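Inside the fold
These are the residues of each chain, in order.
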Amino acid sequence: MQSMADSTSMKEREEAHWAKTSRLMFTHLGIWFFFGFVIHMFVKPLNNIVIPILGFPLGFYMAAQGSLIAFVVMLFVFAKQQDKIDREFGFAEED
């Protein structure tokens, strides 16, 4: 009888873990979409803003460098957040 309760609680933990992981994944996909596509749609209007960064117009900088910087930062943030979720539900890989 004990193993049935254990398997039920394990299934509930897995479902809760997957729900949080899915939410995190879709949030990061939305942010990725914004920096990967939406920012690039506004390069010309961003170029009209007179804030040169390292001598380049703002639109060019955001399209060429800003997106890449955002992606690298997102990788580290995602890994940290996913590790926190894994530890919360007891699925973390031990160091």
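**Examining the overall build of the protein chain**
Looking only at helices and strands, the protein chain features three helices and zero strands. Each helix and strand of the protein chain, ordered N terminal to C terminal, gives the series α-α-α. The C-alpha radius of gyration computed for the protein chain amounts to 20 Å, which surpasses the reference 12 Å derived for 95 residues by more than 25%, pointing to a less compact arrangement than a globule. Dimensions of the protein chain along its principal axes, counting C-alpha atoms only, are 70 × 25 × 15 Å.

**Points about helix 3 (residues 58-89)**
Taken as a whole, helix 3 carries its principal kink of about 40° at Gly66. Every buried residue of helix 3 is listed here: Leu58, Gly59, Tyr61, Met62, Gly66, Ser67, Ala70, Met74, Gln82, Ile85, Asp86 and Phe89. Looking one or two places after helix 3, you find Gly90, whose phi comes out positive at around 80°.

**Description of the packing of aromatic side chains**
For the structure shown, the criterion picks out three aromatic pairs. Geometrically, the ring pair formed by Trp32 and Phe37 is edge-to-face, given 5.7 Å between the ring centres and 85° between the ring planes. The class for Trp32 is partly exposed, based on a relative accessible area of 39%. Look at Phe33 and Phe37: their rings are 5.3 Å apart centre to centre, the planes differ by 35°, and that puts the pair in the tilted class.

**Observations concerning the confidence of the model for the protein chain**
Low-pLDDT stretches of the model should not have their predicted coordinates read in fine detail. When the pLDDT values of the protein chain are averaged, the result is 86; 94% of them are 70 or greater. No element of the protein chain has a lower mean pLDDT than helix 2 (residues 43-48), which averages 81, and none a higher one than helix 3, which averages 90.

**A few points about a nonpolar patch on the surface**
A surface patch of nonpolar side chains, about 770 Å² in accessible area, is lined by Phe26, Leu29, Trp32, Phe33, Phe37, Met41 and Phe42. Assessed through its relative accessible area of 42%, Phe33 is described here as partly exposed.

**Here's the deal with the layout of surface pockets**
A volume near 150 Å³ is recorded for the largest pocket. For the lining of the largest pocket, a count of residues per class yields seven nonpolar, one polar and no charged.

**Considering the environment of Phe60**
Following the sequence through the fold, Phe60 ends up in helix 3. Look at Phe60 and you get partly exposed, because its relative accessible area is 41%. In sequence terms Phe60 and Asn47 are 13 residues apart; their C-alpha atoms lie 7.1 Å from each other. Look past the residues within four positions of Phe60 in its chain and what remains in contact with it is Val43, Asn47 and Gln65.

Conventions and cut-offs
- Residues numbered from 1 in each chain as written.
- Predicted model: local features only at pLDDT ≥ 70, side-chain atom pairs only at ≥ 80, totals over all residues.
- Heavy atoms only, no water.
- Helix = DSSP H or I, 4+ residues; strand = E, 2+ residues; numbered from the N terminus.
- Rg over C-alpha atoms; globule rule 2.2 N^0.38 Å.
- Bend = angle between axes of the 7 residues up to and from the residue.
- Buried < 20%, exposed > 50% of the residue type's maximum accessible area, 1.4 Å probe, protein only.
- Phe/Tyr/Trp six-rings, centres within 6.5 Å; stacked < 30°, edge-to-face > 60°.
- pLDDT = per-residue confidence, 0-100.
- Patch = residues over 30% accessible without salt bridge, like charges linked within 9 Å, V, L, I, M, F, W, Y side chains within 5 Å.
- Areas by Shrake-Rupley, 256 points an atom, 1.4 Å probe, with all protein chains shown as cover.
- Salt bridge = Lys/Arg side-chain N within 4 Å of Asp/Glu carboxyl O.
- 1 Å grid on protein atoms, 1.4 Å probe; cavity = no way out; pocket = protein on both sides within 12 Å on 5 of 7 lines; lining within 4 Å.
- Points joined across faces, edges and corners; volume = space filled by probe spheres on them.
- Nonpolar A, V, L, I, M, F, W, Y, C, P; charged D, E, K, R; others polar.
- Contact = heavy atoms within 4.5 Å.

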